[in-house]
Amino acid sequence: MQVPFTFNPNAGTFDLEHTGLTSGYTLFEFDRFNVRSNELKWTQQGEDYCASISGIELSIQCQETFACHVRNTTDRDIRWESVSLRFDHQHLTEAFCSEDWMELVHGEDFGSPCGVRRAGLGHAHLKANQPSNMIFGLSHRTQSRAILFGVGHTSQGDRSRFSLTHSSAHCEAQFGVSLQLIQKLCVLPSQTLAASQLCCFAGEDLNGLLQAYGQWQSQAVQRPIKKGKKGWNSWDYFTGSISQDDVLANMDKLQLIMPPTPDRVVVIDEGWETRWGEWQANVRFPDGMKQLATQISEAGYRPGIWTAPLMMSVFSPCYRLHPDWFARDEQGQVVTERLAYGTMALLDPTHHHVQDWLHALFTGLREDGYTYFKVDFTQMILPCSQFS
């Protein structure tokens, strides 16, 4: 069952019926101040609830989902950090205790796994109180009772972080719930930005709620299901040790088990490049990538190629020559990630020179004959907070 978000404009608080989560509030975080919904005066305008503070107009919509907008009425830029819907443990109509609940966590990226644990507690695969992304589930250990939170279609690329807020540091007492949508956006004068929608489901079984969320998501997004691609990808066997000879030998075998058609792809995955950020053929591809694309096309397949376009090796000349091209953290330091292939910096996709560089990269690969692009590691940009 989908649970509506009920807003009380007089108190500035929310209730989620049939869940025990009551007297919640919205926390808006900006660069110069934070404000809670229960600290503001709200008026109803149609289906929206509206309030204003320091030249910022806030609006909330609460029906089957929670949604909000921020409008900048000042003459200066305003940085919108995040918006959170919080249900603190001390204001709930019933006590949510860690020993009574299991939680389903969905990791943010490759480095934060998915799994189930007792509420707030860690184990071999999940850190204690690790936040969840996109979906977050609670299931009672002895009662047929479950709650699921989820994100609708993302608005402008904001990032969700769902977690429990515990009454004690050891995470073994009472807890509340925090549903945060991280924005990290600049709101220009007269501009209005929207956060992603939040939804909530409640019922007897968490698996059933996941099914309901999937159905709701498919109806909310209304995207046609894409036809799956068939073919061969070098990573599945060779990982990063692929060579030109390997591609040609496997393509010969592929023709026996999967005859070529224009929509069947041969993808050259990681391992063809000189280094990350220097997207030219290495010594294992002596005839170059253009010649290989031609051979794939002549065999009747669609040429595909892998890149991690936002990742740049710190040993590349580009990193040394263009320090202003890279995204930074809140302290203004270039964000780097240590991977199996070395330490990588994150290109700033909002920088005009980086945009030109990316355009030239993919234009060149397209001119070489590649028409299918496997673009990887773009999620690594999420921890960055300062852009041009």
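What you see is a predicted model; the values in this text were computed from it and never measured.

I keep staring at the packing of helix α3 (residues 244–257) against helix α4 (residues 288–298) and nothing clicks. Help me out?
Between two packed helices, the angle of one axis relative to the other and the distance separating the axes together describe the packing. It is the contact of α3 with α4, at a shortest axis distance of 11 Å, that shows an interaxial angle of 0°. The orientation of α3 with respect to α4, classified from their angle, is roughly parallel. Listed contacts from α4 to Q244, V247, L248 and M251 of α3 are G288, L292, Q295 and I296. Split by residue class, the contact of α3 with α4 holds five nonpolar, three polar and no charged.

Which parts of the structure should I look at to understand the layout of surface pockets?
Rolled over the atoms, a probe sized like a water molecule indicates the empty space that remains. Approximately 660 Å³ is the volume attributed to the largest pocket. Taken together, the elements giving at least two residues each to the lining of the largest pocket come down to β14 (159–166) and β15 (175–187). The element that contributes the greatest number of residues to the lining of the largest pocket is β15, accounting for six residues. The class makeup of the residues in the lining of the largest pocket is nine nonpolar, eight polar and seven charged.

Got a minute to help me understand the sheet that holds strand β18 (residues 230–233) in this structure?
Working definition: the strands of a sheet are paired by backbone hydrogen bonds and lie parallel or antiparallel to each other. Strand order in the open sheet formed by four strands is β18-β19-β22-β26, with parallel pairing between adjacent strands. Each edge of the sheet is formed by a strand with only one pairing partner; in this case those strands are β18 and β26 (372–375). When strand polarity is set aside, the average angle formed by the axes of neighbouring strands in this sheet is 25°. Across the face of the sheet, helix α6 (residues 352–367) comes into contact with β22 (302–307) and β26 while running at roughly 140° to β26.

Looking at this structure, I do not really get the pattern of salt bridges. What am I missing?
Side-chain pairing between opposite charges can occur once the charged atoms of the two side chains come close. Within the structure shown, the criterion is met by ten salt bridges. Between E330 and K184 there is a salt bridge, with its nearest N and O atoms 2.7 Å apart. One end of the pair, E330, is in the loop between α5 (317–321) and β24 (336–339); the other, K184, is in strand β15, with 146 residues separating them in the sequence. Taking the relative accessible area as the measure of exposure, E330 reaches 53% and is therefore exposed. Residue class for K184 comes out partly exposed when judged on its relative accessible area of 23%. Residue D269 pairs with K374 through a salt bridge whose shortest N-O separation is 2.6 Å. One end of the pair, D269, is in the loop between β19 (264–268) and β20 (273–275); the other, K374, is in strand β26, and 105 residues separate them in sequence. We classify D269 as buried; its relative accessible area is 2%. Classification of K374 as partly exposed rests on a relative accessible area of 27%. Residues participating in the shared-partner salt-bridge network are R79, E81, K184 and E330.

What is the right way to look at the side chain of S313 in this model?
Locating S313 in the fold gives a position in strand β23 (residues 311–313). In this structure S313 comes out as buried when scored by relative accessible area, which is 5%. Not counting chain neighbours up to four residues away, the residues in contact with S313 comprise R275, W276, Y319, T343 and M344.

Got a minute to help me understand α6 in this structure?
Between its first and last C-alpha atoms α6 spans 22 Å; for 16 residues at 1.5 Å apiece the expected length is 22 Å, and the two agree. If you check which residues of α6 are buried, you get V354, L358, L361 and L365. An end-on view of α6 places all buried positions within 60° of arc, on one side of the element. Every exposed residue of α6 that faces more than 90 degrees away from the buried side is listed here: H359 and E367. The inward-facing, buried residues of α6 abut β21 (278–281), β22 and β26. Of the residues flanking the end of α6, it is G369, one or two places downstream, whose phi is positive at about 115°.

Mind showing me how you'd approach the pairing of strand β3 (residues 21–30) here?
Side-chain positions along a regular strand alternate between the two faces of the sheet. By the criterion of burial, β3 is predominantly enclosed, with eight of the ten residues buried. Two elements, strand β2 (residues 13–16) and β3, share two bridges in a ladder whose sense is antiparallel. Across the sheet, L16 pairs through a bridge with L21, a residue of β3. Between β2 and β3, which pair antiparallel in sequence order, lie four residues; one of them, H18, sits at a positive phi of approximately 65°. Summarising the sheet, β3 and strand β9 (residues 78–87) pair through six bridges and their orientation is antiparallel. Looking across to β9, one finds that E29 is bridged to S82.

Explain the nonpolar core here, please?
Among the nonpolar cores identified, the biggest contains 46 residues, and F28, W42, L58, F66, W80, F149 and L198 are the most heavily contacted of them. W80 has contacts with E29, F30, C68, V70, Q183, K184, L185, V187, L193, A194 and A195, leaving out every residue within four places of it along the chain. Formed by 44 residues, the second largest nonpolar core is a distinct cluster that contains A299, W306, C318 and I381.

I keep staring at unusual backbone geometry and nothing clicks. Help me out?
Residues apart from glycine generally show negative phi values, whereas peptide bonds are mostly found in trans. The residue S23 is not glycine, and still its phi comes out positive at about 55°. With respect to the secondary-structure elements, S23 resides in strand β3. Phi angles above zero are rare outside glycine, and S190 is one such case at about 70°. Take S190: it is sitting in the loop between β15 and β16 (192–194).

Just to check I follow, could you spell out the packing of aromatic side chains for this structure?
What characterises a pair of aromatic rings is the spacing of the ring centres plus the angle enclosed by the ring planes. Evaluation of the coordinates by the stated rule reveals 21 aromatic pairs. When the ring of F7 is compared with that of W42, the centres are 5.5 Å apart and the planes differ by 85°; the resulting orientation is edge-to-face. Placement of F7 in strand β1 (residues 5–8) and of W42 in the loop between β4 (34–36) and β5 (43–45) is noted, with a sequence separation of 35 residues between them. By relative accessible area, W42 is classed as buried at 7%. Put simply, the rings of F5, F7, F14, W42, Y49 and F66 touch in pairs and so form one group of aromatic residues.

Conventions adopted
- Within each chain, residue numbers correspond to sequence positions counted from 1 in written order.
- Local features in this predicted model are restricted to residues of pLDDT 70 or higher, and side-chain atom pairs are both shown and tallied only at a pLDDT of 80 or more, whereas totals for entire chains, interfaces and linings draw on every residue.
- With hydrogens and water set aside, each side-chain value is computed from the structure's full complement of heavy atoms.
- Working convention: axes come from line fits to C-alpha atoms, limited for helices to the stretch in contact. Angles between N-to-C directions cover 0 to 180 degrees.
- Secondary structure follows DSSP: runs of H or I at least 4 residues long count as helices, runs of E at least 2 residues long count as strands, and numbering of each begins at the N terminus.
- For classification, angles of less than 35 degrees are called roughly parallel, those exceeding 145 degrees roughly antiparallel, those between 65 and 115 degrees roughly perpendicular, and all remaining angles oblique.
- Contact definition: two residues touch when any of their heavy atoms are within 4.5 Å.
- Under the convention adopted here, Pro, Cys and the residues Ala, Val, Leu, Ile, Met, Phe, Trp and Tyr are nonpolar, Asp, Glu, Lys and Arg are charged, and Gly plus all remaining residues are polar.
- Space inside and on the surface of the protein is sampled on a 1 Å grid over the protein atoms alone, with a cavity defined as a set of points where a 1.4 Å probe fits but cannot get out and a pocket as an open set with protein on both sides within 12 Å along at least 5 of 7 lines; lining residues have an atom within 4 Å of a point.
- Grid points are joined across faces, edges and corners, and a volume is the space filled by probe spheres set on the points.
- We call two strands paired when DSSP finds no fewer than two bridges between them.
- Here a salt bridge means any side-chain nitrogen of Lys or Arg lying within 4 Å of a carboxyl oxygen belonging to Asp or Glu.
- Using a 1.4 Å probe on the protein chains alone, a residue whose accessible area is under 20% of its type maximum counts as buried, one over 50% counts as exposed, and one in between counts as partly exposed.
- A helix is expected to span 1.5 Å multiplied by its residue count minus one.
- Taking the helix axis as origin, the arc is that swept by the directions to the C-beta atoms.
- Nonpolar core, defined: a set of buried Ala, Val, Leu, Ile, Met, Phe, Trp, Tyr and Cys residues in which side-chain atoms within 4.5 Å join the residues together.
- To pair, rings of Phe, Tyr and Trp, with the six-membered ring standing in for Trp, must have centres within 6.5 Å; the planes then decide the type, stacked if under 30 degrees apart, edge-to-face if over 60, and tilted in the middle.

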